[in-house]
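Coordinate analysis (summary)
Below, each chain spelled out in residue letters.
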Amino acid sequence: MSKLSTKHLLGIKNITRDDIDLIFKTADNFKEVINRPIKKVPSLRDITIANIFFENSTRTKLSFELAEKRLSADVINFSAGSSSVKKGETLIDTVNNILAMKVDMVVMRHPNPGAHVFLSKHVKCAIVNAGDGAHEHPTQALLDAFSLRERLGDLTGKKILIVGDILHSRVALSNIFCLQKLGAEVRVCGPATLIPKHIESLGVKVMPNFKEALVWCDVANMLRIQLERQDIQYFPTLREYSMQYGLSNDLLESIDKKEIIIMHPGPINRGVEITSDIADGQHSIILNQVENGVAVRMAVLYLLAGQTNTIS
Ligand code: CP
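Reading the values: rules and limits
- Residues numbered from 1 in each chain as written.
- Predicted model: local features only at pLDDT ≥ 70, side-chain atom pairs only at ≥ 80, totals over all residues.
- Heavy atoms only, no water.
- Helix = DSSP H or I, 4+ residues; strand = E, 2+ residues; numbered from the N terminus.
- Core = buried A, V, L, I, M, F, W, Y, C linked by side-chain atoms within 4.5 Å.
- Buried < 20%, exposed > 50% of the residue type's maximum accessible area, 1.4 Å probe, protein only.
- Domains from an automatic or database assignment.
- Contact = heavy atoms within 4.5 Å.
- Pairing = 2+ DSSP bridges.
- Axes fitted to C-alpha atoms, helices over the stretch in contact; angles between N-to-C directions.
- Parallel < 35°, antiparallel > 145°, perpendicular 65-115°, else oblique.
- Left-handed = near helix turned anticlockwise from the far one by under 90°.
- Near = heavy atom within 4 Å.
- Areas by Shrake-Rupley, 256 points an atom, 1.4 Å probe, with all protein chains shown as cover.
- Nonpolar A, V, L, I, M, F, W, Y, C, P; charged D, E, K, R; others polar.
- Buried area = accessible area lost by both parts, 1.4 Å probe.
- Salt bridge = Lys/Arg side-chain N within 4 Å of Asp/Glu carboxyl O.
- Polar contact = N/O pair within 3.5 Å; in protein donor to acceptor, adjacent residues only side chain to side chain.
- Right-handed = clockwise from strand over helix to strand, strands pointing away.

Observations regarding the environment of Glu 200
Examined against the element boundaries, Glu 200 turns out to sit in the loop between strand S6 (185–189) and strand S7 (205–206). Spatially, the C-alpha atom of Glu 200 lies 9.7 Å from that of Val 188, the residues being 12 residues apart in sequence.

Next up, the structure:
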């Protein structure tokens, strides 16, 4: 297979295992490209991409922009804070105005779940979801799984634990869909108030005890507490959260130094969900995730642009 089954990347839920394999195969090639002295290929030389961010971002925004530039695309960046959205313009009008300037593809982060699905029905270009509220963050899940595949090979039967604020996390949902499509078993751990009630209907078991969950897993993906999405208090204090669900070297050593891969999508709250000795330690692949993000996003953009030529 050399083409994706979809015109947009709106989420992981609606793409196939073949799509994921094709993205990974293409990303393998791009990872080789970005490690060359000349990190650029002309693949998207005639394509213009708009990065539209209605929410803050460091990693995703920079990673997409770098991916686009490495592919030789023309890039424009748009932040909602300094735009006419502030004057009451609708999302569809905003995007159609950008497309009128001959833009070919839109990468968007938006606080509303489903904003990308809605947009994809009303505009004539490929849409890439760079995060929609607490719903999906498909390229994060792809780069996470790609990074795990580099360490563990085939993910069939691998035990992946997602820890923390599952309720508000688009990373958790996209990771669950992606890892399950790749044959891994996913479980979650965190305060009961931060675990969605429907989670077991997705085939995801809840492990209330963090230490037992660590003994079970091959990989622990430590999520940030998303205080910006919490309108009520879900646990007494950050200190108590950290005591129950924070990962430290002491805790890892107390389970007989089991080999666990530690992931975090960023941004990290050091000392809350993860201590610095873990974040910067030998088990952590956090910066590999960031590095792989560029290659994976290059693959997604390249494939959505309909490119099938050999990458050179
Ligand atoms: N992982 C992630 O989405 O980080 P940013 O919010 O910085 O893009």
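Observations regarding the nonpolar core
As a rule of thumb, soluble globular proteins bury nonpolar side chains together. Counting residues in hydrophobic clusters, the biggest one holds 65 residues, and the most contacted among them are Ile 23, Phe 30, Val 128, Leu 142, Leu 148 and Leu 301. Of all the elements, helix H11 (residues 286–304) adds the most residues to this core, at 10 residues. Looking at this core, you find at least three residues from each of domain 1 (12–136 + 292–305) and domain 2 (138–290). With residues near it in sequence (within four places) discarded, Ile 23 still touches Leu 4, Leu 142, Val 296, Ala 299, Val 300 and Leu 303. The next biggest cluster of nonpolar side chains, apart from the first, holds 28 residues, and it includes Leu 161, Met 222, Ile 225 and Val 272.

Points about the sheet that holds strand S9 (residues 261–263)
Spatially, 5 strands are ordered S7-S6-S5-S8-S9 in an open sheet, and the strand pairing comes out parallel. Single-partner strands in this sheet number two, and they are S7 and S9. Where strand S8 (residues 219–222) and S9 come together, 3 bridges link them in parallel fashion. Bridge pairing links Asn 221 to Met 263 in S9.

Points about the packing of helix H2 (residues 59–70) against H11
With their axes 8 Å apart at the nearest point, H2 and H11 run at an angle of 55 degrees to one another. Relative to H11, H2 is oriented oblique. Between H2 and H11 lies a crossing of right-handed hand. In this structure, H2 contributes Arg 59, Thr 60, Ser 63, Phe 64, Leu 66, Ala 67, Glu 68 and Arg 70 to the contact, and H11 contributes Val 290, Gly 293, Val 294, Arg 297, Met 298 and Leu 301.

A look at the site of the ligand
In the region of the ligand, the neighbouring residues are Ser 57, Thr 58, Arg 59, Thr 60, Arg 109, His 137, Gln 140, Pro 265 and Gly 266. Isolated, the ligand exposes 260 Å² of accessible area, and the fraction of that covered by the protein chains is 92%. Counted by class, the shell around the ligand contains 1 nonpolar, 6 polar and 2 charged residues. Two domains each provide a minimum of three residues to the shell around the ligand, namely domain 1 (12–136 + 292–305) and domain 2 (138–290).

Some details on the domain arrangement of the protein chain
Each assigned domain of the protein chain is listed with its residue range as follows: domain 1 (12–136 + 292–305) and domain 2 (138–290). Its C-alpha centre places domain 1 at a distance of 26 Å from the equivalent point of domain 2. Surface buried jointly by domain 1 and domain 2 totals about 2,500 Å² across both partners, of which 61% is contributed by carbon and sulfur atoms. When the buried area of domain 1 at its contact with domain 2 is split by residue, Ile 12, Phe 24 and Asn 292 rank highest and sum to 27% of it. For the salt bridge of Glu 150 with Lys 31, the shortest nitrogen-to-oxygen distance reads 2.8 Å. Our count for the domain 1 to domain 2 interface comes out at 17 residue pairs in polar contact (both at pLDDT 80 or more). Contributing elements (two or more residues each) for the side of domain 1 that touches domain 2: helix H1 (17–34), H2, strand S4 (126–132) and H11. Looking at which element gives the most residues to the side of domain 1 that touches domain 2, the answer is H1, with 8 residues. Its residues placed into classes, the side of domain 1 that touches domain 2 shows 11 nonpolar, 6 polar and 11 charged.

So, the environment of Pro 191
Following the sequence through the fold, Pro 191 ends up in the loop between S6 and S7. The spacing of Pro 191 and Thr 26 is 165 residues in sequence and 38 Å in space, taken between C-alpha atoms. Apart from residues no more than four positions distant in its own chain, Pro 191 is found in contact with Gly 164, Tyr 241 and Tyr 245.

Section: the pairing of S8
Neither face of S8 is exposed, since Val 219 and Asn 221 on one face and Ala 220 and Met 222 on the opposite face are all buried. Inspection of the sheet shows strand S5 (residues 159–163) paired to S8 by 4 bridges, in the parallel sense. What sits directly across from Leu 161, in S8, is Ala 220.

Thoughts on the pairing of S6
The buried fraction of S6 is high, at 4 of 5 residues. Pairing between S5 and S6: 5 bridges, direction parallel. Each bridged residue has a counterpart across the sheet, and for Ile 160 the counterpart in S6 is Val 186. In this view, the connection linking S5 to its parallel neighbour S6 by way of helix H6 (residues 170–181) has right-handed handedness. Relative to S7, S6 runs parallel, the two sharing 2 bridges. The partner of Arg 187 across the bridge, within S7, is Lys 205.

Quick notes on the packing of H1 against H11
With their axes 8 Å apart at the nearest point, H1 and H11 run at an angle of 120 degrees to one another. Viewed along their axes, H1 and H11 adopt a mutual orientation that is oblique. At the point where H1 passes H11, the crossing takes the right-handed sense. Residue-level contacts link Leu 22, Ile 23, Thr 26, Ala 27, Phe 30, Lys 31 and Ile 34 of H1 to Glu 291, Asn 292, Val 294, Ala 295, Val 296, Met 298, Ala 299, Val 300, Tyr 302 and Leu 303 of H11.

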